[in-house]
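Coordinate analysis (summary)
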Amino acid sequence: MRLDKYLKVSRIIKRRTIANEACDAGRVLVNGKPARASYDVKVGDVLELQLGSRAIKVEVTAVNEYAKKEDAGDLYRVLEG
């Protein structure tokens, strides 16, 4: 699944366009490297996001095309932030 779509489905970022803009601005790192919105997310990847003054670091635990609001938190595990 594309990185921008994963960020939206997992509800880390609310809208896909904002996720896309964050990737383009270099505010999203995957395994320590800047990633494009088209990056293919895999289980085990570590995502680091700089959202305004807030920084968050998560590990991808599952990749699903769709997730209900109550199940979105199961797609990742928060490491820092």
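Each chain has its residues counted from 1, running along the sequence as written. Since the coordinates come from a predicted model, pLDDT governs what is reported: local features require at least 70, and pairs of side-chain atoms require 80 or more to be given and counted, while whole-chain, interface and lining totals use all residues. Calculation of side-chain values draws on the structure's entire complement of heavy atoms; hydrogens and water are dropped beforehand.

This prediction gives the protein chain a mean pLDDT of 95; 100% of its residues lie at or above 70. When pLDDT is averaged over each helix and strand of the protein chain, the minimum, 94, is found for strand β5 (residues 76–80) and the maximum, 97, for strand β1 (residues 28–30). Confidence of the predictor at the level of single residues is given by pLDDT, which spans 0 to 100. Runs of H or I in DSSP of at least four residues are treated as helices and runs of E of at least two as strands, each being numbered from the N terminus.

This paragraph deals with the environment of Asn64. Position of Asn64 relative to the elements: it lies in the loop between β4 (54–60) and β5. Given a relative accessible area of 37%, Asn64 falls into the partly exposed group. Residues contacting Asn64, with those up to four places away along its chain left out, are Met1, Val9 and Leu75. Accessibility here uses a 1.4 Å probe with only protein chains present; expressed as a share of the type maximum, an area under 20% marks a residue as buried, one over 50% as exposed, and anything in between as partly exposed. Contact definition: two residues touch when any of their heavy atoms are within 4.5 Å.

Attention now goes to the sheet that holds β5. Pairing between two strands is assigned when DSSP locates at least 2 bridges connecting them. The strand order across the open sheet built from five strands is β2-β1-β3-β4-β5, with neighbouring strands paired in antiparallel fashion. Each edge of the sheet is formed by a strand with only one pairing partner; in this case those strands are β2 (33–34) and β5. Bridging between β1 and β2 involves two bridges; their strand directions are antiparallel. Among the inter-strand pairings, Val30 is bridged to a residue of β2, identified as Lys33.

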